[in-house]
Amino acid sequence: MDASQVAQVTEMMYALRNPAGIPTFPIIFIGLGVLTFALHILFVQLMLGTSAITLYGAFRENAYWRRLGAAMLEIAKVSVSVAVVIGVAPLLFVQVIYDPHWYTSNVLSADWVIAFIVILILAYWAMYYFYFRNSKNADKTAVPSSRWSMLISLALMLVVGFIMHSLTSQILHPELWKEWYMQNGKLDYSGDQLHAFNIWRYAFFISMSIPVTGAMLVTYRRFKSVREDADHDYLNWAAEVGKKWIKVGSVIATVLYVMWMVTLPETAGNFATSIWGILGGVAVIGYALWAQLRLRGEARFCSYMALPMALVIGLVVAISREILRYDILNGFFHYDFFDYKIVMDWYSTGLFFLTFAIVGGVVLSYFLTIAWKSGQTVGVYTPGAGVNKLGTLSIWIVVLWIIQFFVVGFYVWAQ
Amino acid sequence: MDLISLYPTWYEPTVGSGWVVALIATFHVLASHTSVGAALLFAYLSHKAYREDREDLLDFIKKYGLFLLVFTYVAGSITGPGIWYSTTVASPNGIGALIHSFVWKWATEWVFFVIEVVGVYMIVYLVGKVDKRTHMKISVIFGLASWATMLIIVGILSFMMLPGKEQWFADGGYLNGFYGTNTFIQLGMRTAFMFTITAVVGGIVIAGIKDPAFKKEMARKLGWLGIISTIVGALMFQWYLTAVPEQALLVMENRLPDYFMPSIVAVLAGTLAYFIITMIRPQTLVQGFAGAMAVIILVAGLWPEETARESMRKPWVAGQYVYSNQVIGRDVPGMDIKSQLPLLEKVGILKAHPFTPEHLREVNEGNKIQAGEFIAMTYCSNCHSPSETGIRPLHRYFPEGVSQERVAKYVKGVLTTGNIAYMPKMPMTDSEVDALAAYLVLNNNGGQAAVTAAIDSEIAQRDRALAEKNASDKVAALDFVQEVK
Ligand code: HEM
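Counting starts from 1 at the beginning of each chain's written sequence and moves along it residue by residue. Throughout, the order in which chains and ligands are written sets their labels, letters from A for the former and numbers from 1 for the latter. With the structure being a predicted model, the display of local features is reserved for residues of pLDDT at least 70 and the display and counting of side-chain atom pairs for 80 or more, all residues being used for whole-chain, interface and lining totals. Where side-chain values are given, they derive from all heavy atoms of the structure, hydrogens and water being excluded.

Another aspect to go through is the UniProt feature "transmembrane region" (unreviewed entry) in chain B. Residues and elements named next belong to chain B. UniProt positions are given in the numbering used here, feature names are shortened, and annotations may be inferred rather than shown by experiment. The UniProt feature table records "transmembrane region" (unreviewed entry) at residues 20-45, 66-85, 110-128, 140-164, 184-209, 221-239, 259-277 and 284-303. Here residues 20-45 runs as 100% helix and 0% strand, with 37 Å between its end C-alpha atoms. Along residues 284-303, the helical share is 85% and the strand share 0%, with 27 Å between the first and last C-alpha atoms. Strands are runs of DSSP state E lasting at least 2 residues, helices are runs of H or I lasting at least 4, and numbering of each runs from the N terminus.

Here it is in structure tokens:
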């Protein structure tokens, strides 16, 4: 591409920016976007990996695998919900900063965007179908019925992930957008194609399910082992599988990461050999090393560190991924999100961070404490006075939030 | 170059992008309100179970509630982002305007979403695993958090119709955009609606109660809840009509189908009758009947509401400054936003659109139909489908066999000047008017087949011309080589 072609692309991207501007500094949106993307992809990987175990267990004639499959299904169900709800956050932030790119990419593949929703619902219902067909059966080692539905669920989830991946990849090719809008010399308004993908990149993100799920298994053993009714043979077996998955999975993922870097478009310049390009791969292989060193035998403390470590590694990769986007869009095409017009709005910015910290912090600590404790208790869990107070506090904090909503509202209205 | 923020257009010929959005939105409102309704009911039952120390109530929640809650919750939580995705592809600048003004409000709502998701699973999984008091607390938090998400989204939705206060245009500011008379009335309306749904959906749940005395008690309670909330909601709707822009009322009066008002009244009457019957004779409440009624009442109530909202906003899609066809049609000094109409008047739509292909930037005999189609897709298709079906199909508005001159005159005289209240002002150069008229007439008389044929022949001609030019260039180059020799 010559300079004038690049200049045309730059001008087009700037023209597409929303004239309303953004309510605070752009770096804040990018930061939150990276953080929440790392969380999103972690739960996506957890959900894919635990689904895979459920499926594998269902087809293996092995009592341990069957039990593990049933246990992991519980995690898969919750993980989908969490992945979806957390996915909303990067979805919000990417279109604040990269609206020209996100909207163009979506509109040009609109049929797939709509299909994404439908397929996701079907995938989730298929998973629940499998669950409801088998949850009544107390014998978790029996052959599960309707195994096909679990197979369909996992397959559809992978399709959903591919759509996500393609939408993200299209962002990186502003030079091709106008071509994509034309097919065979004719304008194409149908949005019935996915136009760009990088199979290595997709495979890399999916393959991270292996180490992440390995981390889940290690955590599972640690968590359940304190219960009075724990079956230690079974739990130890699960943890050993987990350790293997972390190590082997990280190696596989590293290979795929390298392939991704090798196949980057020219517009990425020398990102692959830049510090962040290398760091992403190092972080992933580092996970195998960490597991080798720190997850020996019982590993009573480090077993609980396995998932947080996976998040940290995911975060490094998420940063690399964001810098890659910046390097392409700014480095090559001169679209710099830092110069987005700011129409500062302190009130809503402040309200978010306060709500996040106070309402989110208190209520979620209460919820997670209860979930944690009751998971480790045989029979009915009755919280002590402290936790009960936390519960009452949580209720009052939400009530207070609602009151401030109306107080501020009526004040503004009356002005 | 003079470009404005216009994206490619997505055109769905069968139902139209507008209906796709409405369909997903209706499904979402149905699913999410049902799950919130169910959760509120469970909070109540859970509270009662705790107060009166009743195991049977908790068992009951577990047995009948979970299925309902999980399914509606799953569908609701996916169709939520689904609305977002679908409006993104149907109206990127509409959603973009909302996102850029209210990103933090959405982020705040997201905090409550996370609380809801964790909460719903805890309500479901922890029955019998935690003491009743804790279960009650979790249910109460879930109910409150769900309501909080509604408080937030209603502010954003009412901005779509009209910014909270007129002052927003001059001063900007998120609070001015968010809060207004409209916001509060809608809030009341939707809360009432949520309780109606709770009552209807509650029917499905209590249909499973075996103890006749308790069933009767619950049927009474839900019946009263339903009757009161339905009446309050209907009154709120009347009040709401006094607070929307006059323009919207005009569209309502003139443009909504005749069956609209009678069908609303019928739905109201049917809903009230349903509650009264279930109160008097709780034994009629069996799950199949209650479930069917839930869907009928909700869909019959929701669909007209969604339709009305879509129509009433015309010609705007967001904040009375972004037109449905994505063009910004008004200055908003408070946000430093300029109307894009002056530029469009100067250079026309083809030159201002970033996605106009090179060969369509100037209208000529060889690209007229393509250019006309491009203009119609950009300017009209959001409100009028160029196909046989879908939203307000274009062909219905022009008589059979209409001449190109008449259409051109209409487009120039009425549409480019913005003389019709419910349509945007759509500036075009004379050659663009010509192209659009040629396309509209062709589409009107021959349908999509004729348009496709005409475009194919334009393209074939272009390719032929290109090939000839290449050939003659080659010949010239050869001559040149010869000469040098
Ligand atoms: C359960 C099915 C899902 C799967 C398997 C999945 C998978 C993925 C994958 C693989 C990526 C990375 C793409 C890449 O960078 O190449 C991604 C990114 C993303 N996903 Fe998901 N996802 C799922 C559901 C969702 C949902 C429901 C949402 C929204 C509510 C969502 C929002 C996002 C966003 C916003 C990004 C980042 C886009 C960007 O930063 O450019 N995902 N997802």
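After that view, the rundown keeps rolling.
What follows covers unusual backbone geometry. Of note in this structure, Asn184 of chain A is not a glycine but carries a positive phi near 55 degrees. Along the chain, Asn184 of chain A turns up in the loop between strand E1 (182-183) and strand E2 (186-187). Think of it in three bands: residues with accessible area under 20% of the maximum for their type are buried, residues over 50% are exposed, and the middle band is partly exposed, with areas taken using a 1.4 Å probe on protein chains only. With relative accessibility at 76%, the residue Asn184 of chain A sits in the exposed group. For Gln326 of chain B, which is not glycine, the phi torsion reads 80 degrees and is therefore positive. Looking at the secondary structure, you find Gln326 of chain B in the loop between strand E2 (322-323) and helix H12 (341-347). Its relative accessible area of 9% is what places Gln326 of chain B among the buried residues.

Attention shifts here to the site of the ligand. Note on terminology: near, applied to a residue and a molecule or strand, indicates that one of the residue's heavy atoms is within 4 Å of it. Close contacts around the ligand come from 25 residues, with His40, Met164, His165, Arg201 and Arg325 of chain A the closest. Neighbouring residues of the ligand are not confined to a single chain but are spread across chains A and B. Nitrogen and oxygen atoms within 3.5 Å of one another constitute a polar contact, given that in protein one can donate a hydrogen and the other can accept it, and given that sequence-neighbouring residues count only through two side-chain atoms. In the environment of the ligand, an oxygen atom lies 2.7 Å from a nitrogen or oxygen atom belonging to the side chain of Arg201 of chain A. Within the side chain of Arg325 of chain A, a nitrogen or oxygen atom sits 2.7 Å from an oxygen atom of the ligand. Space inside and on the surface of the protein is sampled on a 1 Å grid over the protein atoms alone, with a cavity defined as a set of points where a 1.4 Å probe fits but cannot get out and a pocket as an open set with protein on both sides within 12 Å along at least 5 of 7 lines; lining residues have an atom within 4 Å of a point. Put plainly, a molecule is in a cavity or pocket when over half of its atoms are within 2 Å of the grid points there. If you map the ligand onto the pockets, it falls in the second largest cavity. Taken together, the elements giving at least two residues each to the shell around the ligand come down to helix H2 (26-59), helix H3 (63-97), helix H5 (110-134), helix H6 (147-171), helix H8 (199-207) and helix H12 (302-332) of chain A together with helix H2 (55-90) of chain B.

A few words on the nonpolar core. Working definition of a nonpolar core: buried Ala, Val, Leu, Ile, Met, Phe, Trp, Tyr and Cys residues. They are joined through side-chain atoms within 4.5 Å. In this structure, Phe204 and Trp401 of chain A together with Tyr321 of chain B are the most contacted members of the largest nonpolar core, which totals 251 residues. Contact between two residues is taken to exist if any of their heavy atoms lie within 4.5 Å; hydrogens are not considered. When residues no more than four places from it in sequence are discounted, the contact partners of Tyr321 of chain B are Ala20 of chain A together with Ala97, Phe159, Trp168, Phe169, Trp316, Val327, Ile328, Gly329, Arg330, Val332 and Ile337 of chain B. Membership of the second largest hydrophobic core comes to 35 residues, among which are Phe214, Ala219, Leu222 and Phe275 of chain B.

The next subject is the pattern of salt bridges. Residue and element names in this part refer to chain B. A pair is scored as a salt bridge if a Lys or Arg side-chain nitrogen falls within 4 Å of a carboxyl oxygen belonging to Asp or Glu. Enumeration over the complete set of coordinates arrives at 21 salt bridges over all chains. Lys48 is paired through a salt bridge with Glu217; the nearest N and O atoms lie 3.4 Å apart. Separated by 169 residues along the polypeptide, Lys48 in helix H1 (residues 17-52) and Glu217 in helix H8 (residues 212-243) bring together distant segments of the chain. Arg54 is the partner of Glu52 in a salt bridge, and the nearest nitrogen-oxygen pair spans 3.3 Å. Using a relative accessible area of 41% as the deciding quantity, one classes Glu52 as partly exposed. Because the salt bridges share partners, they merge into one network encompassing Lys48, Glu52, Arg54, Glu217 and Lys221.

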